[in-house]
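# Understanding the architecture of this molecule
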Amino acid sequence: MLAAAEASMDLAAEDDAARERNRARLYAPPAGERRRTDRPRPPRSGMSMDQVRAMMSSVAQEDAQLTRRRSG
């Protein structure tokens with residue numbers, strides 16, 4: 001049934017761009033369809049912002065020490 005609708009829309013299209021728009025409209029999800037939000041999110045396994053700041057600080061400190069050794 002979709003193939004017949006697609007074929008008739010292709011015949012009515014003026015150019016390739018119109019065919020692509022028609023195909024996108026034909027196969028698009030329904031307007032009222034929404035993403036499921038009732039699924040639980042997976043637990044976060046990354047670093048907290050405090051941990052990131054501490055790591056960045058230690059990396060910057062180490063970088064400064066290494067730069068001083070090279071230039072000094």
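Since the model is a prediction, treat every value here as computed from it, not as a measurement.

### Observations concerning the overall build of the chain
- Within the chain, the secondary structure is distributed over three helices and zero strands.
- In the chain, the succession of helices and strands from N to C terminus is α-α-α.
- Its C-alpha atoms give the chain a radius of gyration of 28 Å, clearly above 11 Å, the size a compact globule of 72 residues would have.
- Counting all 72 residues of the chain, 6% fall into the buried class.

### Things to note about the pattern of salt bridges
- Taken as a whole and judged by the stated rule, the model has four salt bridges.
- Across the pair arginine 19 and aspartate 16 runs a salt bridge, and its minimum N-O distance is 3.0 Å. You can see arginine 19 and its partner aspartate 16 sitting in helix α2 (residues 16-27), three residues apart, about one turn around the helix.
- Among the residues examined, arginine 19 registers a relative accessible area of 26% and is labelled partly exposed.
- For glutamate 20, the salt bridge is made with arginine 23, and the minimal N-O distance between the two is 3.1 Å. Taken as a pair, glutamate 20 and arginine 23 lie in helix α2 at a separation of three residues, close to a single helical turn.

### Brief notes about a nonpolar patch on the surface
- A surface patch of nonpolar side chains, about 390 Å² in accessible area, is lined by Met47, Met55, Met56 and Val59.
- A relative accessible area of 54% means that methionine 56 is categorised as exposed.

### Let's talk about the environment of arginine 70
- The topology assignment puts arginine 70 in helix α3 (residues 49-71).
- Considered as a pair, arginine 70 and glycine 32 are 38 residues apart in the sequence and their alpha carbons are 63 Å apart.

### Observations regarding the confidence of the model for the chain
- In this model, the chain carries an average pLDDT of 84, and 92% of its residues clear a pLDDT of 70 or more.
- Per-residue pLDDT, averaged within each element of the chain, yields its smallest value for helix α1 (residues 2-12) (79) and its largest for α3 (92).

### As for the environment of glycine 32
- Residue placement: glycine 32 occurs in the loop between α2 and α3.
- Residue glycine 32 is classed as exposed on the basis of its relative accessible area, which comes to 69%.
- Once the C-alpha coordinates of glycine 32 and aspartate 16 are considered, the two residues, 16 residues apart in sequence, prove to be 28 Å apart.

The rules we used
- Residues numbered from 1 in each chain as written.
- Predicted model: local features only at pLDDT ≥ 70, side-chain atom pairs only at ≥ 80, totals over all residues.
- Heavy atoms only, no water.
- Helix = DSSP H or I, 4+ residues; strand = E, 2+ residues; numbered from the N terminus.
- Rg over C-alpha atoms; globule rule 2.2 N^0.38 Å.
- Buried < 20%, exposed > 50% of the residue type's maximum accessible area, 1.4 Å probe, protein only.
- Salt bridge = Lys/Arg side-chain N within 4 Å of Asp/Glu carboxyl O.
- Patch = residues over 30% accessible without salt bridge, like charges linked within 9 Å, V, L, I, M, F, W, Y side chains within 5 Å.
- Areas by Shrake-Rupley, 256 points an atom, 1.4 Å probe, with all protein chains shown as cover.
- pLDDT = per-residue confidence, 0-100.

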